[in-house]
Amino acid sequence: MEPILETNGLRVEYRVQNGQGPKVAVRDLNLAVYPGEVFGFLGPNGAGKTTTMNVLLGFVIATGGSARLFGVDVREPIARQRIGYLPELTYYYKFLTVEELLRFYARVFGLSRDEADRRIDGLLKLVELEHARKRPIKTYSKGMQQRVGLAQALINNPDLLILDEPTSGLDPLGRMKVREIIQRLKREGKTVFFSSHELGEVETVCDRVAIINEGELKVVGRVSELVESHQANLEQIFLSMIGYKPEPVV
Amino acid sequence: MNIVTALSGVVIKELYRRKDFYVLFILTALITLVMGSISFFNDARIARYLKEICLMLIWISALVIATTTTARQIPAERENRTIFPLLAKPVTRWHVVAGKFLGCWLASGMALVVFYFFFAVVSGTRDSHWPLLQYAQIVLLHWAMLAVVISLTLLGSVILSAPSSNMTICLVFVLGILLLGRHLNQVALEQPEPIRSLIYLVYYVIPHLEWYDVRDLIIYEHKLIAWSDCALAGLYAFVYSGFLLMGTWLAFRRKPLHL
Amino acid sequence: MAGVSTQTFASVKSRTIYFWILSLLLVLSFTLATVLQPRAGTWTSRSGAENVLKVVLGDGRRLFANHFFVQADVSFHSGYYPSIFDHTALPKDSSPMIADSEQHDEHAGHACQGEHDHNSAKCSDDHAGCAHDHGEKGHEHDPHEKAMSFLGTPRDWVEAFGRRFMITEHTHLSAGNEREMLPWLKLSAELDPQRVDSYTVAAYWLRTLGKVDEAERFLRDGWRNNPNSYEILFELGRLYHEARKDIERTRNIWELALAKWGEQQANSDEPDLRALSQIAIHLGRMEESEGRLVRAVELLQLAQKASPNPEVLAKDIEELKHKATLPVKAP
Ligand SMILES: Nc1ncnc2c1ncn2[C@@H]1O[C@H](COP(=O)(O)OP(=O)(O)OP(=O)(O)O)[C@@H](O)[C@H]1O
Ligand SMILES: [Mg+2]
């Protein structure tokens, strides 16, 4: 089966002003995500998760290696026609209402008016923002804004979702909802590629996970197989992969 | 094209949801009405000074609206990170540049219509003279000029990161051209050689925005400008804006999005 | 999602800042545009001695008054007006006019005596008293006409094309449209009440437009602000003479004007001879028609002394003397 998302020897360097050499954020990364999977992308802060996603979306140009979506190089705009993306930190046009915002994105995808109306109604119901649909986004709470992000990521009914920490900033109920949405998308046959620090949620929703540390891929595989082969739960695996040694108990 | 118009729709919404436009319009209207209420030697037929003042205010307001709206577009997209979900869609940076330009241009065109409508009402009630074709010319020429101003500001906004400095530089540049552009060749001729060629070069390179300032023709009830000349001027503005937008795209194409 | 609150805060703050920048810029650009408008011709003030810097620092209001005064002249020419750049091309002798005030001659009404040799001063004294057409037809060799043909042939295509969007004909307001200059003169007088020519020019046109009461009121305002101005007195006298036919008053005022002239100018290095000759001629002609020939001769002789081409008056004086059968007396 052809991977829907693929990186080969991906390397990303950032120029830094401090006079030392460039900062390597991602080194020699090989990833393959197949259709219908829910893929968890794990790593500590600063591991290079967001950077990898930025390459996939064409925001950052890779220093080396290649990245493809649907078999198309990520630098081609057409590669982004069938994906939905939820950024890590985002503010949307604050002076628009959520309805206007979604209509704008729908137009960007060339959806017809009726189609857009239908999708917007459905999405607002899904993320539970119907009551606030006529309010400008600047009046929203943090969690509401995060849900706006989810709604806009789904506006084009994408086949591949790239979600950067979709549950951060949400209360337990909100996280639960996001998990449900991810599971529902999986049932619909979508592919989800998401990063997270919530190992419990990763364990419940993911088919496969990858753990990176300091830009390097440490481990990749099915959650169940990893747990079996390491004889430990995901959290313990994660901690050992990033080189954490527990303090000896005195 | 759909993407470009969608982007411009957001810009237009932004303009009329912000205070700037209303503040400037009310200011213009207020000053004009106050000046109009002064009785000069009990002669109610005196009108030209009022036209002069009103048009001056309209020109300043339009310039301020065009530059402030344009200068913050791309920097705000980056600062608020709205550029990320946008470019994650099948939107190229060229779309962003073109959409922002179109939005700002249409928005300032709408503002112009409102301003000039006010002007027409004020001057029409004064001297019951309604030269509608002439108004059409002044609005169109003004609008064509704003296309150059907007694309210039857009270029500035991807080169200079601070919108306020970009805005100031663009305003000074545009005002400079409006006031002095016409005379640079004369200035050049009075200079010794290396400087003369240099000034002449500048003279040919700068956009000649002063052409589009036909306020005097309205104020002093002059005859219409030939429509062919208007079309040529429009073409010049179009080509010039095209070059500036191309430059904007070239500068923006490889620019890192993170601040 | 960290940082939401700080960013929101920052953006709220930046919006108010934008607003202030905006307002500031508006004020700034308005000021700038008014001040820098290249038409604002000479920045030198009435006395001619101060430099630009001194005017700007000393009294900004005067600068604006000057701008509005020039604007009146622009308006008189329907927007066809030289800029500071065009001035550099004018002949040198066109600038000494600056210090002059309005009332030299029959062209007294023109607002534009300031920057260029426009007032046809050279041909003025000879036919004092006769009413000229201010439509300014003909006058091919008029210095004003010469100064106002500043455009010349276009130097390049940019200029040539630009001409199509400009006013390129030298015309003067007529048929009652002269009223359009009045607001600028009024503003100029409001801003700089010591600027005498604002009053005299406005009064001239008000009188011409038949608004005698307004002219009188405005001149009296000017007189109150400038009690020693022989220019204003002269204009006021003309109003009483030509519009009100009040000989007695006219005589008093013009005599007062002569006295004021004597107080201020008689001992100056460069006396304002043109004003003197004008007052003297007008008063002389009036006295002549009133039959007070002795005084008339005195005045015309005074005018002759002040005139740049005295020979024109010589014949008139001879005739008058003859009429009065007076012995010839050297002035
Ligand atoms: N624009 C940039 N310029 C320079 N260095 C950067 C830039 N963006 C990220 N980095 C560096 O690259 C490394 C990877 O960052 P990245 O944002 O990809 O981490 P992450 O895995 O998403 O972390 P987190 O879990 O905190 O979101 C970090 O060391 C970071 O400091
Ligand atoms: Mg991250």
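The rules behind each value
- Residues numbered from 1 in each chain as written.
- Chains lettered and ligands numbered in written order.
- Predicted model: local features only at pLDDT ≥ 70, side-chain atom pairs only at ≥ 80, totals over all residues.
- Heavy atoms only, no water.
- Near = heavy atom within 4 Å.
- Polar contact = N/O pair within 3.5 Å; in protein donor to acceptor, adjacent residues only side chain to side chain.
- Areas by Shrake-Rupley, 256 points an atom, 1.4 Å probe, with all protein chains shown as cover.
- Helix = DSSP H or I, 4+ residues; strand = E, 2+ residues; numbered from the N terminus.
- Nonpolar A, V, L, I, M, F, W, Y, C, P; charged D, E, K, R; others polar.
- Contact = heavy atoms within 4.5 Å.
- Buried area = accessible area lost by both parts, 1.4 Å probe.
- Salt bridge = Lys/Arg side-chain N within 4 Å of Asp/Glu carboxyl O.
- Core = buried A, V, L, I, M, F, W, Y, C linked by side-chain atoms within 4.5 Å.
- Buried < 20%, exposed > 50% of the residue type's maximum accessible area, 1.4 Å probe, protein only.
- Domains from an automatic or database assignment.
- Phe/Tyr/Trp six-rings, centres within 6.5 Å; stacked < 30°, edge-to-face > 60°.
- Lys NZ or Arg CZ within 6 Å of the ring centre and 35° of its normal.
- Donors = N, O, S within 2.8 Å, 3.2 Å for Na, K, Ca; no water.
- Pairing = 2+ DSSP bridges.
- Axes fitted to C-alpha atoms, helices over the stretch in contact; angles between N-to-C directions.
- pLDDT = per-residue confidence, 0-100.
- Arc of directions from axis to C-beta.
- Patch = residues over 30% accessible without salt bridge, like charges linked within 9 Å, V, L, I, M, F, W, Y side chains within 5 Å.
- Disulfide = S-S within 2.5 Å.

### Focus on the site of ligand 1
Residues and elements named next belong to chain A.
Right, on to step 1. Near ligand 1 there are 14 residues, and of these Gly46, Lys49, Thr50, Thr51 and Glu88 occur at the shortest range.
Right, on to step 2. Ala47 is positioned such that a nitrogen or oxygen atom in its backbone is 3.1 Å from an oxygen atom of ligand 1.
Right, on to step 3. The separation between an oxygen atom of ligand 1 and a polar side-chain atom of Lys49 is 2.7 Å.
Right, on to step 4. Taking 640 Å² as the accessible area of ligand 1 by itself, protein coverage stands at 70%.
Right, on to step 5. Contributing elements (two or more residues each) for the shell around ligand 1: strand S2 (23–33) and helix H1 (49–56).
Right, on to step 6. If one sorts the elements of the shell around ligand 1 by residue count, H1 sits on top with three residues.
Right, on to step 7. Its residues assigned to classes, the shell around ligand 1 shows four nonpolar, six polar and four charged.

### Let's talk about the interface of chain A and chain B
Right, on to step 1. The interface is formed by 29 residues belonging to chain A together with 26 residues belonging to chain B.
Right, on to step 2. With both sides pooled, the region where chain A packs onto chain B buries about 2500 Å², and carbon together with sulfur makes up 65% of that total.
Right, on to step 3. Contact with chain B buries surface across chain A, with Phe59, Phe95 and Arg107 of chain A losing the most and accounting together for 26% of the total.
Right, on to step 4. Viewed at the interface, chain B and chain A are joined by one salt bridge.
Right, on to step 5. Note that Arg17 of chain B is salt-bridged to Glu100 of chain A, the shortest N-O span being 2.7 Å.

### Considerations on the nonpolar core
Right, on to step 1. Ile162 and Phe193 of chain A are the most contacted members of the largest nonpolar core, which totals 228 residues.
Right, on to step 2. With 16 residues, the top contributor of residues to this core is helix H3 (residues 48–79) of chain B.
Right, on to step 3. In terms of domain composition, this core takes at least three residues from each of domain 1 (53–192) and domain 2 (228–331) of chain C.
Right, on to step 4. With near-sequence residues (within four places) excluded, Ile162 of chain A lies in contact with Leu5, Met53, Leu56, Leu57, Ile83, Gly84, Tyr85, Leu86 and Phe193 of chain A.
Right, on to step 5. By size, the runner-up hydrophobic cluster in this structure holds six residues, among which are Ala280, Ile281, Val297 and Ala303 of chain C.

### So, the pattern of salt bridges
Residues and elements named next belong to chain A.
Right, on to step 1. Considering all chains together, one arrives at 30 salt bridges over all chains under this definition.
Right, on to step 2. With a closest N to O distance of 3.7 Å, Glu201 and Arg179 form a salt bridge. Pair noted here: Glu201 is in helix H6 (residues 199–205) and Arg179 is in helix H5 (residues 172–187), with a separation of 22 residues, a long-range link.

### Some words on the environment of Met110 of chain B
All names here are of chain B.
Right, on to step 1. In this fold, Met110 is placed in helix H5 (residues 93–127).
Right, on to step 2. Relative accessible area serves as the criterion here: at 40%, Met110 is assigned to the partly exposed category.
Right, on to step 3. With 98 residues separating them in the primary sequence, Met110 and Ile12 have C-alpha atoms 9.1 Å apart.

### So, the packing of aromatic side chains
Aromatic rings considered in pairs are described by the distance between their centres and by the relative angle of their planes.
Right, on to step 1. Using the criterion set out here, one finds 31 aromatic pairs over all chains in the structure.
Right, on to step 2. Judged by centre distance (5.8 Å) and plane angle (80°), the ring pair of Tyr93 of chain A and Phe104 of chain A falls under edge-to-face. With Tyr93 of chain A in the loop between strand S6 (83–86) and helix H2 (98–108) and Phe104 of chain A in helix H2, this residue pair connects regions lying 11 residues apart in the sequence. With respect to burial, Tyr93 of chain A and Phe104 of chain A carry one shared label: buried.
Right, on to step 3. Linked through ring pairs, Tyr200, Tyr203, Tyr204, Trp211, Tyr212, Tyr236 and Tyr240 of chain B together with Trp157, Phe161 and Phe165 of chain C together constitute an aromatic cluster.
Right, on to step 4. The ring centre of Tyr105 of chain A lies 4.2 Å from the NZ or CZ of Lys89 of chain B, which sits over that ring.
Right, on to step 5. The aromatic ring of Trp59 of chain B is capped on one face by Arg215 of chain B, whose charged end is 5.5 Å from the ring centroid.

### Examining the coordination of the magnesium ion (ligand 2)
Residue and element names in this part refer to chain A.
Right, on to step 1. Binding of the magnesium ion (ligand 2) to the protein goes through Thr50 (OG1) and Glu88 (OE), at separations of 1.9 to 2.4 Å. Of this pair, Thr50 sits in helix H1 while Glu88 sits in the loop between S6 and H2, and the two are 38 residues apart along the sequence.
Right, on to step 2. Its relative accessible area of 22% is what places Thr50 among the partly exposed residues.

### Remarks on the sheet that holds S2 of chain A
All names here are of chain A.
Right, on to step 1. Across the sheet, four strands lie side by side as S2-S1-S4-S5; this open sheet has antiparallel pairing. The open sheet has two edge strands, S2 and strand S5 (72–73), and neither has a second partner.
Right, on to step 2. Where H1 meets the sheet, it contacts strand S1 (5–14), S2 and strand S4 (64–69), and its direction lies at approximately 115° from that of S1.

### Considerations on the confidence of the model for chain C
Residue and element names in this part refer to chain C.
Right, on to step 1. In this model, chain C carries an average pLDDT of 65, and 56% of its residues clear a pLDDT of 70 or more.
Right, on to step 2. Within chain C, helix H6 (residues 157–162) carries the highest mean pLDDT (84), whereas helix H2 (residues 52–58) carries the lowest (52).
Right, on to step 3. Here residues 38–50 is a poorly scored stretch, pLDDT under 50, and it has 44 contacts once near neighbours within four places are set aside; other chains count.
Right, on to step 4. The model gives residues 88–140 a pLDDT under 50, and that stretch makes 135 contacts with residues more than four places away or in other chains.
Right, on to step 5. Prediction confidence for the complex, expressed as pTM and ipTM, is 0.82 and 0.86 respectively.

### A word on helix H8 (residues 234–241) of chain A
Residues and elements named next belong to chain A.
Right, on to step 1. For H8, the complete set of buried residues consists of Leu234, Ile237, Phe238 and Met241. Within H8, the buried residues cover an arc of 100° as seen down the axis, which keeps them to one side.
Right, on to step 2. Buried residues along H8 sit against strand S3 (38–42), H6, strand S9 (208–213), strand S10 (216–222) and helix H7 (223–230).
Right, on to step 3. Positive backbone phi, at 80°, marks Gly243, one or two positions downstream of H8.

### Overview of a nonpolar patch on the surface
Residues and elements named next belong to chain B.
Right, on to step 1. On the surface, a cluster of nonpolar side chains totalling about 630 Å² of accessible area is made up of Tyr16, Tyr22, Ile26, Leu27, Leu30, Ile31 and Met110.
Right, on to step 2. Broken down by element, the nonpolar patch gets its largest block of residues, five residues, from helix H2 (residues 20–37).
Right, on to step 3. Summarising the element assignment, Tyr16 is placed in helix H1 (residues 2–17).
Right, on to step 4. Accessibility expressed as a relative area gives 39% for Tyr16, which makes it partly exposed.

### Comments concerning the interface of chain B and chain C
Interfaces are often sized by the amount of accessible area the parts lose when they come together.
Right, on to step 1. Taken together, the contact pairs 57 residues of chain B with 52 residues of chain C.
Right, on to step 2. Buried area between chain B and chain C, both sides added, is near 5200 Å², and the carbon and sulfur share of it is 68%.
Right, on to step 3. In this assembly, chain B and chain C are joined by one salt bridge.
Right, on to step 4. Note that Asp229 of chain B and Arg164 of chain C form a salt bridge whose closest N and O atoms lie 2.8 Å from each other.
Right, on to step 5. Across the chain B-chain C interface, the total number found is eight residue pairs in polar contact (both at pLDDT 80 or more).
Right, on to step 6. Breaking the side of chain B that touches chain C down by element, the ones donating at least two residues are H2, H3, helix H7 (163–180), helix H8 (184–189), helix H9 (193–205), helix H10 (215–219) and helix H11 (227–253) of chain B.
Right, on to step 7. Of all the elements, H3 of chain B adds the most residues to the side of chain B that touches chain C, at 11 residues.
Right, on to step 8. Here the residues of the side of chain B that touches chain C sort into 35 nonpolar, eight polar and 14 charged.

### Details of the state of the cysteines
Residues and elements named next belong to chain B.
Right, on to step 1. Tallying each qualifying case throughout the model produces zero disulfides over all chains.
Right, on to step 2. Lacking any disulfide linkage, Cys104 is separated from the closest cysteine sulfur, that of Cys170, by 12 Å.
Right, on to step 3. A relative accessible area of 2% means that Cys104 is categorised as buried.
Right, on to step 4. The class for Cys170 is buried, based on a relative accessible area of 5%.

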